[in-house]
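# Inside the fold
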2 protein chains.
Amino acid sequence: MLSKFYMPTKVIMGEDCIIKNCELLTTLGRKALIVTGAKSSKMNGSENDVKIALESIGIQYEVFDKVMSNPTIDCVYEGASMAKGTSADFIIAIGGGSPMDAGKAIALLAAQDIGQENLFSGQYENKVLPMALVPTTAGTGSEVTPYSILTNHKAQTKTSIASDLLFPTFAFLDAKYTESLGLMTTINTAIDALSHAIEGMLSVKATTVSDALASESIRLIMNCIPDMIQGAEIKNPLDLKQRELLLQASCIAGMVIAQTGTTAVHAMGYPLTYFKDIDHGRANGLLLGEYLKLVEKEEPNLSTRILKVMNVSETEEFKELLNRLLGPREEISSEEIFQYSARASKTKNMNNCVVKPTEDDIKTMYTKSLTN
Amino acid sequence: MLSKFYMPTKVIMGEDCIIKNCELLTTLGRKALIVTGAKSSKMNGSENDVKIALESIGIQYEVFDKVMSNPTIDCVYEGASMAKGTSADFIIAIGGGSPMDAGKAIALLAAQDIGQENLFSGQYENKVLPMALVPTTAGTGSEVTPYSILTNHKAQTKTSIASDLLFPTFAFLDAKYTESLGLMTTINTAIDALSHAIEGMLSVKATTVSDALASESIRLIMNCIPDMIQGAEIKNPLDLKQRELLLQASCIAGMVIAQTGTTAVHAMGYPLTYFKDIDHGRANGLLLGEYLKLVEKEEPNLSTRILKVMNVSETEEFKELLNRLLGPREEISSEEIFQYSARASKTKNMNNCVVKPTEDDIKTMYTKSLTN
């Protein structure tokens, strides 16, 4: 069987790593467009650090800070228009998955004309603006993936652009930007990363390398879960060292899904986010336990291997941990289950599954996941 | 602390992966120079597969098959001259570490004029011919590193060119080319890969990612050692599945040293190869046990972690395995020890060591490693 490994992004991690490595940005061009959301990157210091870095090496920049949660197609076309209008040579995207994914789509759309009808075709010219990405949550791993996931109102779900063109040139990981995240965002993003790593091991595209990386990511995140569970009672649930470990773990999990893609959990999570506005990481967490139960039934050896990496003795024990992290679950109606199952079963991600659920399996998983 | 991960080579693994992915080579140019040794790539079928792949997509090629074991500086200048003379757009290097390292240096020297006095300076223009590498041993990992290690007669040792320019664009891993390797080469190259992975964990540049990869590589190689020990008694010690695992392991170990560099073991091994013509992998194997004894003394926690990954209870047990793999050891005189220790202690690799041996430590290690 043919297997592949490819992840060309240069990852640089550490305190003040953007400012300390600002000279790298000169290799990307002379004019930057900073892509970010309206608020958080201003509050956590990341946008300011990027501006200091750019100014110290004489690179001009403009700021596009209109990226909302779960960015839309219109949003990235607007950003691309600004990139072209300001003659940006490269993109620096700062934030969680939303600004990073938007930044990657903007980099593509600023370099070539792609109509909306072809946006998700995967057929592009070999042109893209180079990118530097600065994650400010420890979840998405988008800084090291070839994906940009956008809200697609026409298809009423999230749809991904997947192309090697979307690998950023640089990823700068400084955990201090994640220190101001609240407990709920910390948990939801950590669960997203954990889900990436676990789904990587459940993918038909898993390789020796991706499994080694996934295992390390899972171990790092599982070690932080007890403190996250206790976090509800204290003000700052995790110290900077743990934040660093989570940021590494999410980046490593990103390297995993760059090889493997995601699976049924993400496929089923997208409708929960699109129709019920449930946070993306939380949606994965709600569904992860029941999918692992299905895997346990169909592929017990694979399940045992993952449980061993997680250092839990059985799937129920992991589900209990998830319950404590997630708290009370949202409700779902039988009409919603019917509608979401039909959608999820048609998602591309389903093709990555070693254990491919039937539409009935999916209905059962939605039911059990959302009615405690 | 700042840490980095960078390994931009696209790795493709599997039976007939070159022929099945020949269209990728069209992205590298229209004229290739095949760089290889005189014999083995003709015997194991790799050179023929590369020619079939190139012919099937209409790419012209010339062959430079003059690369000897431990290639010299003169050899790579001669190859570069041929690359320029034949207007090669890219390099395909086929073989063990020698042709691959030579191919990488040729790619650099064909793209820019670098005098011998600046060859190891690390200061180059941003120009190199793109490369595709085809390993035919499971040892060096050169297909995924930024290093080219050449025999430097002026310095009377092996010296490395280190530059991100030297990362190949593609690495094609097909284990069938390693099936014809004899037992001794199989063992020596596997020990080289094992040493890379272990030294990666012993490097001050080790990171979470490099350690996860190193651990996987160590596990894969250790699993094959019992069959290699028994191999002396049977004709073909390893089946194709094991060959594939070793080839993966050596590639993963290459990804590790791409991040961490090598340490005291390689530094001490180079004089054994240069002056005593001891195979590179074997030289590492001869020294590895004693260096791990020093690590055990100075950094017991690090030692314990590595022993656990190797699944052996103590360093002596691992040394015994190495003894059985290596057989009778070469002798070394006290003058040689004196001379090699002075050289090894000045090697750049020493700066990578968590446990940096003194010159006296080095003398002791040479003595104990080479007088059973």
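Residues numbered from 1 in each chain as written. Chains lettered and ligands numbered in written order. Predicted model: local features only at pLDDT ≥ 70, side-chain atom pairs only at ≥ 80, totals over all residues. Heavy atoms only, no water.

Our next topic: the overall build of chain A. Secondary structure assignment for chain A yields 14 helices and eight strands. Radius of gyration (C-alpha) of chain A: 20 Å, near the 21 Å computed for a compact globule of 372 residues. Dimensions of chain A, computed from the C-alpha atoms along their principal axes, are close to 60 × 45 × 40 Å. Every one of the 372 residues in chain A was classed for burial, and the buried ones make up 61%. (Helix = DSSP H or I, 4+ residues; strand = E, 2+ residues; numbered from the N terminus. Rg over C-alpha atoms; globule rule 2.2 N^0.38 Å. Buried < 20%, exposed > 50% of the residue type's maximum accessible area, 1.4 Å probe, protein only.)

Right, let's get into unusual backbone geometry. Residues and elements named next belong to chain B. Look at Ser-87: it is not a glycine, yet its phi comes out positive at around 55°. Relative to the assigned elements, Ser-87 resides in the loop between helix H4 (73-85) and strand E4 (90-95). Residues other than glycine seldom take positive phi values, yet Asn-311 does so here, at roughly 60°. Mapped onto the elements, Asn-311 comes out in the loop between helix H11 (300-310) and helix H12 (315-326). Exposure remark for Asn-311: the relative accessible area of 67% places this residue in the exposed category.

With an RMSD of 0.0 Å, the fit of chain A onto chain B corresponds to turning through 180° and sliding 0.0 Å along the axis. Both copies are brought into coincidence by an operation consistent with a two-fold rotation axis. If distances are taken from each C-alpha of chain A to the rotation axis, the shortest is found for Pro-8 of chain A, at 1.8 Å. In this assembly, 100% of the residues forming the interface of chain A have copies in chain B that are likewise at the interface, indicating an isologous arrangement. (Least-squares fit on C-alpha atoms with pLDDT ≥ 70 in both. Contact = heavy atoms within 4.5 Å.)

So, about the environment of Glu-359 of chain A. Residue and element names in this part refer to chain A. Its location among the elements puts Glu-359 in helix H14 (residues 359-370). C-alpha of Glu-359 to C-alpha of Phe-338: the two residues are 21 residues apart in sequence and 9.2 Å apart in space. When sequence neighbours within four positions are dropped, the list of residues in contact with Glu-359 reads Ser-341, Ala-342 and Ser-345. A polar atom in the side chain of Glu-359 sits 3.5 Å from the side chain of Ser-345. (Polar contact = N/O pair within 3.5 Å; in protein donor to acceptor, adjacent residues only side chain to side chain.)

Bringing the packing of aromatic side chains into the picture now. This structure, assessed with the given rule, holds ten aromatic pairs over all chains. Ring centres 6.1 Å apart and planes at 35° place the aromatic pair Phe-170 of chain A and Phe-172 of chain A in the tilted group. Accessibility classification places Phe-170 of chain A together with Phe-172 of chain A in one group, the buried group. One aromatic cluster is present, built from ring pairs that chain together Tyr-274, Phe-275, Tyr-340 and Tyr-366 of chain A. Above the ring of Tyr-6 of chain B, the side-chain terminus of Lys-10 of chain A is found at 4.6 Å from the ring centroid. (Phe/Tyr/Trp six-rings, centres within 6.5 Å; stacked < 30°, edge-to-face > 60°. Lys NZ or Arg CZ within 6 Å of the ring centre and 35° of its normal.)

Remark on secondary structure: sheet strands pair via backbone hydrogen bonds, oriented parallel or antiparallel. The strand order across the open sheet formed by twelve strands is E3(A)-E2(A)-E4(A)-E5(A)-E8(A)-E1(A)-E1(B)-E8(B)-E5(B)-E4(B)-E2(B)-E3(B), and the pairing between neighbours is mixed. Sheet topology places strand E3 (60-64) of chain A together with strand E3 (60-64) of chain B at the edges, where each strand pairs with a single neighbour. Across this sheet, the average inter-strand angle for adjacent strands is 25°, counted without regard to direction. As paired elements, strand E2 (residues 31-35) of chain A and E3 of chain A share five bridges and run parallel to each other. Across the sheet, residue Lys-31 of chain A finds its bridge partner in E3 of chain A, namely Gln-60 of chain A. Set on the sheet, helix H8 (residues 240-260) of chain B makes contact with strand E1 (3-13) of chain A together with strand E1 (3-13), strand E5 (131-135) and strand E8 (170-173) of chain B; between it and E1 of chain B the angle comes to about 150°. (Pairing = 2+ DSSP bridges. Axes fitted to C-alpha atoms, helices over the stretch in contact; angles between N-to-C directions.)

A few words now on the interface of chain A and chain B. Taken together, the contact between chain A and chain B spans 28 residues of the former and 28 residues of the latter. Summed over both partners, the interface of chain A with chain B buries about 2,300 Å², with 63% contributed by carbon and sulfur atoms. In terms of surface lost to chain B, no three residues of chain A exceed Leu-2, Phe-5 and Thr-208 of chain A, which account for 25% of the buried area on that side. The tally of links from chain A across to chain B stands at two salt bridges. Where chain A touches chain B, the interface holds eight residue pairs in polar contact (both at pLDDT 80 or more). For the side of chain A that touches chain B, the elements supplying multiple residues, two or more each, are E1, helix H1 (17-20), helix H7 (208-230) and helix H8 (240-260) of chain A. For the side of chain A that touches chain B, the leading source of residues is E1 of chain A, giving eleven residues. Looking at the side of chain A that touches chain B residue by residue, the classes come out as 16 nonpolar, six polar and six charged. (Buried area = accessible area lost by both parts, 1.4 Å probe. Salt bridge = Lys/Arg side-chain N within 4 Å of Asp/Glu carboxyl O. Nonpolar A, V, L, I, M, F, W, Y, C, P; charged D, E, K, R; others polar.)

Residues and elements named next belong to chain A. The assigned domain composition of chain A is domain 1 (10-177) and domain 2 (182-370). Centre-to-centre, using C-alpha coordinates, domain 1 lies 25 Å away from domain 2. Each side of the interface is counted separately: domain 1 has 28 residues, and domain 2 has 25 residues. The largest contributions to the domain 1 side of the interface with domain 2 come from Ala-138, Gln-156 and Lys-158, which together make up 25% of the buried area. At the junction of domain 1 and domain 2, the tally comes to zero salt bridges. Run the count over domain 1 and domain 2 and you get four residue pairs in polar contact (both at pLDDT 80 or more). (Domains from an automatic or database assignment.)

The feature "domain: Alcohol dehydrogenase iron-type/glycerol dehydrogenase GldA" (unreviewed entry), as given by UniProt, occupies residues 8-174 of chain A in the numbering adopted here. Summarising residues 8-174 of chain A: 28% helix, 26% strand, and an end-to-end C-alpha distance of 20 Å. (UniProt positions renumbered as here; feature names shortened; annotations may be inferred.)

For the rest of this paragraph, the subject is the pattern of salt bridges. All chains considered together, the criterion is met by 37 salt bridges over all chains. Between Glu-62 of chain A and Lys-31 of chain A there is a salt bridge whose closest N-O contact spans 3.9 Å. Taken together, the residues Glu-62 of chain A in strand E3 and Lys-31 of chain A in strand E2 connect sequence positions 31 residues apart. Accessibility expressed as a relative area gives 32% for Glu-62 of chain A, which makes it partly exposed. Relative accessible area serves as the criterion here: at 15%, Lys-31 of chain A is assigned to the buried category. A salt bridge links Lys-84 of chain B to Asp-113 of chain B, with the nearest nitrogen and oxygen atoms 3.2 Å apart.

So, on to the environment of Leu-150 of chain B. Residues and elements named next belong to chain B. Structurally, the position occupied by Leu-150 is in strand E6 (residues 147-152). Between the alpha carbons of Leu-150 and Ile-73 there is a distance of 6.4 Å; along the sequence they are 77 residues apart. Residues in contact with Leu-150, not counting those within four places in the same chain, are Pro-71, Val-76, Ala-105, Leu-119, Phe-120, Thr-157, Lys-158, Thr-159 and Ile-161.

Right, let's get into helix H13 (residues 334-345) of chain A. All names here are of chain A. Compared with an ideal rise of 1.5 Å per residue, which puts twelve residues at 16 Å, H13 spans 16 Å between its outermost C-alpha atoms and is within 8% of the ideal. Residues of H13 that are buried: Ile-337, Tyr-340, Ser-341, Ala-342 and Ala-344. Packing partners of the buried residues in H13 comprise helix H9 (264-276) and H14. (Expected span 1.5 Å × (residues − 1).)

On to the environment of Phe-338 of chain A. Residue and element names in this part refer to chain A. With respect to the helices and strands, the residue Phe-338 is situated in helix H13. The class for Phe-338 is exposed, based on a relative accessible area of 55%. For the pair Phe-338 and Lys-363, spaced 25 residues apart in sequence, the C-alpha separation works out to 6.9 Å.

You can see Thr-140 of chain A is positioned in the loop between strand E5 (131-135) and strand E6 (147-152). Filtering out sequence-adjacent residues up to four positions away, Thr-140 of chain A remains in contact with Gly-96, Gly-97, Met-100, Asp-192 and His-196 of chain A.

It is worth spelling out H7 of chain A at this point. Residues and elements named next belong to chain A. The end-to-end C-alpha distance of H7, which contains 23 residues, comes to 35 Å, matching closely the 33 Å that a straight helix rising 1.5 Å per residue would cover. A bend of about 30° at Cys-224 is the largest found in H7, and the proline Pro-226 appears one to four places after it. Most of H7 sits inside the fold, with 18 of its 23 residues counted as buried. (Bend = angle between axes of the 7 residues up to and from the residue.)

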